[in-house]
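These are the residues of each chain, in order.
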Amino acid sequence: MAKTRPERILKGRKEVKATCNELRCDTKMVLMGIGVPSISVCCLFQTRPTRHLCLKFRLKPSLSHSITSMALTNNAERKLPVLLFDIMDTLVRDPFYQDVPAFFGMSLKELIDCKHPTAWVEFEKGLIDEMELARKFFKDGRDFDLEGLKTCMRSGYSYIEGIEQLLLSLKQNNYEMHAFTNYPIWYQLIEDKLKLSKYLSWTFCSYAFGKRKPDTEFYKEVLSHLQVDPTNCIFVDDRQNNVEAAIKVGIRGVHFRNVNLLCEKLSSMGINISTDEVLLDSLS
């Protein structure tokens, strides 16, 4: 049945309204920089309203390249899983338990008893600088040689036996590796001596995030930064509670005991490492 003139006008108005709504969305895309009009823009007006008003978009070349690059990185070039390593007593010997008490002429128990209960934690979270640490390190506020302490700690840093060979093997196999550690700005002392950045990035240090493991929010922030599914991350730490916290957010956790057991565990999780070479080097 033929439509009356009023019906045709009403239908035409509805079509124009729908087209305008589409055009508004397309315009927003332009304003946000998502697309730019191509040369095929066409505006076909007739004597009566129709829906033949069209605006075609193409992605900006730079954005198109960026999106393509991200897709390639995420799906083809990026090797998974991502490996996250604690540093102290996992990759690097921690001088706190032997060298630092000896520097102060104390036993470890005596040092723990007289040091400030939260000053080091605040330093690790970036809440205080090293000068404030020096003022607060001991409960009684006694002075000490801060530069001497830093020299003592620098001297005490060394790779855990067999770890450097393992890191080299993982790097040669193109794994993405990051430090995920509770440590202050003094991580630079470790880097200066051991050049750990040859193998991994100092990406997740507590001082830069204001958080410490096993705070769940720290783990979530790591995942947000990496933009990967938790199951595509493996986290290695010598402290069981930190490993358990990782597992709670879906990250695969490994409790570090020694390099031989770590190699076996990583291999069982599908990580490609030159296990025999690493084990032989660690025993030599």
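S.K.: I'd love a proper account of the overall build of the protein, names of residues and values included.
M.R.: A count of helices and strands for the protein gives 14 helices and nine strands. Counting across all 284 residues of the protein, residues that qualify as buried make up 38%. Within the structure as shown, the protein displays about 16,200 Å² of accessible surface, and the carbon and sulfur contribution to it stands at 54%.

S.K.: Run through the sheet that holds strand E8 (residues 233-237), naming residues and quoting values.
M.R.: With respect to topology, five strands assemble into an open sheet ordered E7-E6-E5-E8-E9, the strand pairing being parallel. The two strands at the open ends of the sheet, each matched to only one other strand, are strand E7 (201-205) and strand E9 (252-255). Here the strands of the sheet are splayed against their neighbours by 25 degrees on average, with no regard to which way each runs. Pairing analysis gives three bridges linking strand E6 (residues 177-181) to E7, with the strands arranged parallel. Each residue of the ladder has a partner; that of Phe180, found in E7, is Phe204. Contacts from helix H11 (residues 216-226) reach strand E5 (82-85), E6, E7 and E8, with the element oriented near 140 degrees to E7.

S.K.: Tell me about helix H12 (residues 240-248), residues and numbers included.
M.R.: When we look at burial in H12, the residues that qualify are Asn242, Val243, Ala245 and Ala246. Seen end-on, H12 carries its buried residues on one side only, within an arc spanning 160 degrees. The first or second residue beyond H12 is Gly250, which carries a positive phi of 100 degrees.

S.K.: Tell me about the pattern of salt bridges, and please be specific about residues and values.
M.R.: For the structure on display, the rule yields 14 salt bridges. For the salt bridge of Lys150 with Glu130, the shortest nitrogen-to-oxygen distance reads 3.1 Å. With Lys150 in helix H7 (residues 146-156) and Glu130 in helix H6 (residues 130-136), this residue pair connects regions lying 20 residues apart in the sequence. Residues Glu217 and Lys220 are paired through a salt bridge, measuring 3.9 Å at the closest nitrogen-oxygen approach. Here the residue Glu217 and the residue Lys220 both occupy positions in helix H11, the gap between them amounting to three residues, near one helical turn.

S.K.: Tell me about the environment of Ala179, and name the residues and values.
M.R.: Of note, Ala179 is situated in strand E6. C-alpha of Ala179 to C-alpha of Phe204: the two residues are 25 residues apart in sequence and 5.7 Å apart in space. What Ala179 contacts, discounting residues up to four positions off in sequence, is Phe85, Ile87, Leu200, Ser201, Trp202, Thr203 and Phe204.

S.K.: Outline the side chain of Asp86, supporting the account with residue identities and numerical values.
M.R.: Among the structural elements, Asp86 can be located in the loop between E5 and helix H3 (99-104). Engagement of the side chain of Asp86 in a polar contact is seen with the side chain of Thr90, the distance being 2.7 Å. At a separation of 2.9 Å, a polar atom in the side chain of Asp86 contacts the side chain of Lys213. Excluding residues that lie within four positions of it along the chain, Asp86 makes contacts with Leu91, Phe180, Thr181, Lys213, Phe235, Val236, Asp237 and Asp238.

S.K.: Before we move on, can you summarise the side chain of Lys213 with the specific residues and values?
M.R.: Along the polypeptide, Lys213 turns up in the loop between helix H10 (206-209) and H11. Setting aside chain neighbours within four positions, we find Lys213 in contact with Asp86, Phe180, Thr181, Asn182, Phe218, Tyr219, Phe235, Asp237 and Asn242.

S.K.: Describe the confidence of the model for the protein, and please don't skip the residues or the numbers.
M.R.: Model confidence for the protein is summarised by a mean pLDDT of 81, while 70% of its residues fall at 70 or above. Low pLDDT, under 50, characterises residues 19-73; the stretch is placed with 50 contacts to residues that sit more than four places away or in other chains.

S.K.: An account of unusual backbone geometry is requested, with residue identities and associated values reported.
M.R.: Residues Leu80 and Pro81 are joined by a peptide bond in cis, for which omega reads 5 degrees. Structurally, Pro81 can be placed in the loop between helix H2 (61-77) and E5. Along the chain, Lys213 connects to Pro214 via a cis peptide bond; the corresponding omega equals 10 degrees. Inspection of the secondary structure assignment puts Pro214 in the loop between H10 and H11. Here the phi dihedral of Asp89 falls at roughly 60 degrees; this positive angle occurs in a residue that is not glycine.

Conventions used here
- Residues numbered from 1 in each chain as written.
- Predicted model: local features only at pLDDT ≥ 70, side-chain atom pairs only at ≥ 80, totals over all residues.
- Heavy atoms only, no water.
- Helix = DSSP H or I, 4+ residues; strand = E, 2+ residues; numbered from the N terminus.
- Buried < 20%, exposed > 50% of the residue type's maximum accessible area, 1.4 Å probe, protein only.
- Areas by Shrake-Rupley, 256 points an atom, 1.4 Å probe, with all protein chains shown as cover.
- Pairing = 2+ DSSP bridges.
- Axes fitted to C-alpha atoms, helices over the stretch in contact; angles between N-to-C directions.
- Contact = heavy atoms within 4.5 Å.
- Arc of directions from axis to C-beta.
- Salt bridge = Lys/Arg side-chain N within 4 Å of Asp/Glu carboxyl O.
- Polar contact = N/O pair within 3.5 Å; in protein donor to acceptor, adjacent residues only side chain to side chain.
- pLDDT = per-residue confidence, 0-100.

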